[in-house]
Amino acid sequence: MMTHRRILAALLTVALLSPLGSLARAQNAAPTVQVPLQDLPVIETLTEQVGRWFSDLRDSVGLGRRALNIARSHGEAARTDDFNWLMGIAGFKLKNIESTLGLFPGLTLEFGQARALSEADREYLERALRRHARHHPSPFSALQRMIISGILEANEIQGFSVEKLTVTLLPFPYVKFTLAPSDAPLGPEASRVLQAIERLNERLR
Amino acid sequence: MTVFRPALLATALLLAPLAAQGQEGSVLRDQLHVVSSGSSHAVSEALVEAFTQRYANVMPPQLEIVGSAAALERFCAGVGVDTPDLAITSRRIPRSMADTCAANGVTDIVEVQLGLGAVVIAMRSGEGMRNLTTRQIYTALAAEYPAENEFRPNTLSSWSQISAGLSAAPIRAVIPDQRSGTRGLFNDFIMEGGCREVKAVRMIFSAAFRVSKCVTLRGDGRIREVASEAVPGALLASPAGTIGVISYAQLLESGGNLVPVALNGVTPTAATIAGDDYDVVRTIYLYAKRQHSRNAQGVGVVRGIREFTADAVSESAGGPSGLLTRHGLVPLAPVIRAQQREIAARQTLLNR
């Protein structure tokens, strides 16, 4: 019985060590490669190109891994350059990211109004845009600023405010502003909440 | 027999308008009416005085000091003898106000930039703090601070309670009262600016509620509100460690007795203000109602609007060693100054 166990252990040891042994042998006996080292092919397939554009676009709006890494390494400075940050000071928060892959990949960002702007907020935003323009003169950055300026302009329309903003980057870039009357009637759910608050107020009185 | 002389007729036709121009037509008002915000009163007074000295035979302009918003409201109230011809403000006319202007018939507005004004946090020379952030100032001076989903009264007593790196001096401040434009800038840029960094406040949707929480100052005696022009004197007489909110002009006037505290790491100097690096800076604007300018046909309210505007943006006023610089304004960049002179000379209309 003891002998069987020893034989089994020896076989197992041999089985486990044999690949290392063969690897060592293979390293010792590796033939010399005669072909010079090659560069990576420069020609991308269509899919690869589209994929790269997609990543670049995603990065440029501060959603990609690259943007996140930059933000981590540069901290505050990078944060201030972010489209999301500019949208944040414009009073909008990212609600949804819709990303589709296929022959024509799609990327849509949906922002909702998170807060109304005060006069000082507007002034601060205008200054942030001026500084952004100084540091980022590229056409894409200019487009980002145009979107934010568009929000400011739209909010100036008497009696209306920008409720939702949809930025579609792919396949064809466009921006959709959803304006709502400032004194729009409340929906059924909001009405119920309001009535509940009023009832609570009455009870407290 | 009269000889027809075409040359004579032509000369008469050419000279006729000039002769008409030379006639002393009736003007509806013989004095310019200027409204100015409190923060730019020193600038406005300097411009009015310079205009009076330069044009010896004209009535000195009537200058009214009101707030920036009130100045623009009055300017936009309409066209006519009772409404101002010029407005000097520390705030650019908002689009909504431009719409109000247009609705009231004020359609021909000329806008020029005069220079840059700044608000400074100052202390007595030789005293402690070198740098403060807007958030630290908000934390020290706001009446309430957000904690656990509610606002609680501010009970902080010393700067070191806010940040270990700050002085242990008690929190005390001298600030201009609500009528002053400097206070408006302080509220907008420092208190709201500091407040904006606080997530719990940023989450509040209503701008009015948020602003009220940001700019309401504590009322436990740690903050003294005085008239804008009295702040430097009050600061010099205050206990050690007191901070004051003054204009850049007042800082220069103090002759070194007051020193600026760097704000968010930037010390206010002519270079940092002009370079848009210092945050608490606002452009001072002059608005002129071109419809009031009396023209050659005798239409208009008053003479002198174009001259006043041109003088205000001349190098002798807004240049590096100009009149306005001596009153605390930081000159605009040379290119922008040239643009303003062009606008004033051509009386180019504002297009907003």
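Starting from 1, residues in each chain are numbered consecutively following that chain's sequence as written. Labels follow written order: the first chain is A, the first ligand is 1, and so on. Predicted model: local features are reported for residues with pLDDT of at least 70 only, side-chain atom pairs are reported and counted for 80 or more only, and whole-chain, interface and lining totals are derived from all residues.

## Digging into the overall build of chain B
Helical segments are the DSSP runs of H or I of at least four residues, strand segments are the runs of E of at least two, and each set is numbered from the N terminus. When helices and strands are tallied, chain B shows 15 helices and 13 strands. Labels follow a simple rule on C-beta atoms placed from the backbone: if 20 or more others lie within 10 Å of a residue's own, it is buried; if 12 or fewer, it is exposed; otherwise it is partly exposed. With 352 residues in all, chain B has 42% of them scored as buried. Expressed as a percentage of contacts within chain B between residues at least 6 apart in sequence, the contacts between residues at least 24 apart total 73%. In this description, any two residues whose backbone-derived C-beta atoms lie within 7 Å of each other are considered to be in contact.

## Here's the deal with the overall build of chain A
Along its length, chain A carries eight helices and four strands. Walking chain A from its N terminus toward its C terminus, one meets helices and strands in the order α-α-α-α-α-β-β-α-α-β-β-α. Counted over contacts in chain A with a minimum sequence separation of 6, partners at least 24 positions apart contribute 44%.

## Observations concerning the nonpolar core
Think of a nonpolar core as buried Ala, Val, Leu, Ile, Met, Phe, Trp, Tyr and Cys residues, each tied to the set through C-beta atoms within 7 Å. In this structure, B:Val43, B:Leu86, B:Leu114, B:Ala118, B:Val280, B:Leu286 and B:Tyr287 are the most contacted members of the largest nonpolar core, which totals 87 residues. The element contributing the most residues to this core is strand 4 (residues 109-124) of chain B, with eleven residues. Both domains that furnish three or more residues to this core are identified here as domain 1 (27-117 + 282-346) and domain 2 (118-281) of chain B. Setting aside anything within four residues of it in sequence, one finds B:Leu86 in contact with B:Leu32, B:Val34, B:Leu286, B:Tyr287, B:Ala288, B:Ile305 and B:Phe308. In terms of nonpolar packing, the next biggest core, distinct from the first, is built from 16 residues, A:Met87, A:Phe92, A:Val162 and A:Leu169 among them. Domain delimitation in this document rests on an assignment produced automatically or drawn from a domain database.

## Topic: the interface of chain B and chain A
The partner chain A presents nine residues to the 14 residues of chain B that form the contact. Listing elements by their share of the side of chain B that touches chain A, those giving two or more residues are helix 4 (95-103), helix 6 (181-196) and helix 8 (207-215) of chain B. Charged residues are taken to be Asp, Glu, Lys and Arg, nonpolar residues to be Ala, Val, Leu, Ile, Met, Phe, Trp, Tyr, Cys and Pro, and polar residues to be all remaining types, Gly included. Looking at the side of chain B that touches chain A residue by residue, the classes come out as five nonpolar, three polar and six charged.

## Re the sheet that holds strand 2 (residues 106-113) of chain A
All names here are of chain A. For two strands to pair, DSSP has to find at least two bridges joining them. An order of 1-2-3-4 is seen for the four strands of this open sheet, with the pairing classed as antiparallel. If you trace the sheet from one side to the other, it starts and ends with strand 1 (92-100) and strand 4 (174-181), each paired once. Here the average twist between neighbouring strands, direction ignored, is 15°. As paired strands, strand 2 and strand 3 (residues 160-170) are joined by six bridges and run antiparallel to one another. Among the inter-strand pairings, threonine 108 is bridged to a residue of strand 3, identified as threonine 168. Strands in contact with helix 7 (residues 139-155) are strand 3 and strand 4; relative to strand 3, the strand with the most contacts, it is inclined by about 160°. All axes are obtained by fitting lines to C-alpha atoms, using only the stretch in contact for helices, and the reported angles, taken between N-to-C directions, cover 0 to 180 degrees.

## Side note on the packing of helix 2 (residues 41-54) of chain B against helix 12 (residues 305-312) of chain B
Axes are the key here: two packed helices are described by the angle between their axes and the distance separating the axes. Residue and element names in this part refer to chain B. Running from N to C, helix 2 and helix 12 point in directions that differ by 120°, and their axes come no closer than 10 Å. Crossing geometry of helix 2 relative to helix 12 is assigned as right-handed. Along its contact with helix 2, which presents Leu47, Ala50, Phe51 and Arg54, the element helix 12 presents Phe308, Asp311 and Ala312. Split by residue class, the contact of helix 2 with helix 12 holds five nonpolar, no polar and two charged. Should the near helix be turned counterclockwise from the far one by less than a right angle, the crossing is left-handed, whereas a clockwise turn marks it as right-handed.

## Quick word on the environment of A:Gln113
All names here are of chain A. Residue position: glutamine 113 is located in strand 2. Taking the number of C-beta atoms within 10 Å as the measure of exposure, glutamine 113 has 21 and is therefore buried. Leaving out residues up to four positions away in the same chain, glutamine 113 has contacts with Gly91, Phe92, Ser161, Val162 and Glu163.

## Points about the pairing of strand 3 (residues 86-89) of chain B
Residues and elements named next belong to chain B. Here strand 3 shows two buried faces, one formed by Leu86 and Ile88 and the other by Ala87 and Thr89. Pairing of strand 3 with strand 13 (residues 281-289) involves four bridges; the strand directions are antiparallel. Residue pairing in the sheet places alanine 87 in a bridge with tyrosine 287 of strand 13.

## Let's talk about helix 7 of chain A
Residue and element names in this part refer to chain A. Given the number of residues in a helix, its expected span is that number minus one, multiplied by 1.5 Å. Compared with the 24 Å implied by 1.5 Å per residue over 17 residues, the 24 Å span of helix 7 between its first and last C-alpha is a close match. Of all the residues in helix 7, the buried ones are Gln144, Ile148, Ile151 and Asn155. Each buried residue of helix 7 lies within a common arc of 45° when the element is viewed along its axis, so the set occupies one face. For helix 7, the exposed residues set more than 90 degrees away from the buried face come down to Pro139, Ala142 and Met146. The inward-facing, buried residues of helix 7 contact helix 5 (83-89), helix 6 (119-135) and strand 3. Read the arc as the range of directions from the helix axis to the C-beta atoms.

## What about the packing of helix 6 of chain A against helix 7 of chain A?
Residue and element names in this part refer to chain A. Close contact between helix 6 and helix 7 brings their axes to 10 Å; oriented N to C, the two are set at 165°. As summarised for this structure, helix 6 and helix 7 are arranged roughly antiparallel, according to the angle between their axes. Here helix 6 runs over helix 7; the crossing is left-handed. The segment helix 6 lies against helix 7, with Arg122, Leu125, Leu129, His132 and Ala133 engaging Ser141, Arg145, Ile148, Ser149 and Leu152. Of the residues contributing to the contact of helix 6 with helix 7, the split by class is five nonpolar, three polar and two charged. Note that the term roughly parallel is reserved for angles under 35 degrees, roughly antiparallel for angles over 145, roughly perpendicular for angles of 65 to 115, and oblique for everything else.

## Concerning unusual backbone geometry
Cis rather than trans, the peptide bond between A:Leu170 and A:Pro171 has omega equal to 0°. Take A:Pro171: it is sitting in the loop between strand 3 and strand 4. Located in the positive-phi region is B:Asp276, a residue other than glycine, with phi close to 65°. Residue placement: B:Asp276 occurs in the loop between helix 11 (270-274) and strand 13. With phi around 55°, B:Gln347 is a residue other than glycine that occupies positive phi space. Mapped onto the elements, B:Gln347 comes out in the segment after helix 15 (334-346). For B:Gln347, a count of 16 C-beta atoms within 10 Å puts it in the partly exposed group.

## Topic: the environment of B:Asp99
Residues and elements named next belong to chain B. Mapped onto the elements of the fold, aspartate 99 is located in helix 4. Classification of aspartate 99 as partly exposed rests on a count of 15 C-beta atoms within 10 Å. Taking C-alpha positions, aspartate 99 is 9.2 Å from cysteine 76, a pair spaced 23 residues apart along the chain.

## Digging into the confidence of the model for chain B
All names here are of chain B. Of the residues in chain B, 91% have a pLDDT of 70 or more, and the chain-wide mean is 86. The predictor rates its confidence in each residue with pLDDT, a number between 0 and 100. Of all helices and strands in chain B, the one with the weakest mean pLDDT is helix 1 (residues 6-22) (40), whereas helix 5 (residues 134-141) scores best (96). Counting interchain partners and residues more than four positions distant, the pLDDT-below-50 stretch residues 1-25 has two contacts. In the model output, the complex is listed with pTM 0.68 alongside ipTM 0.71.

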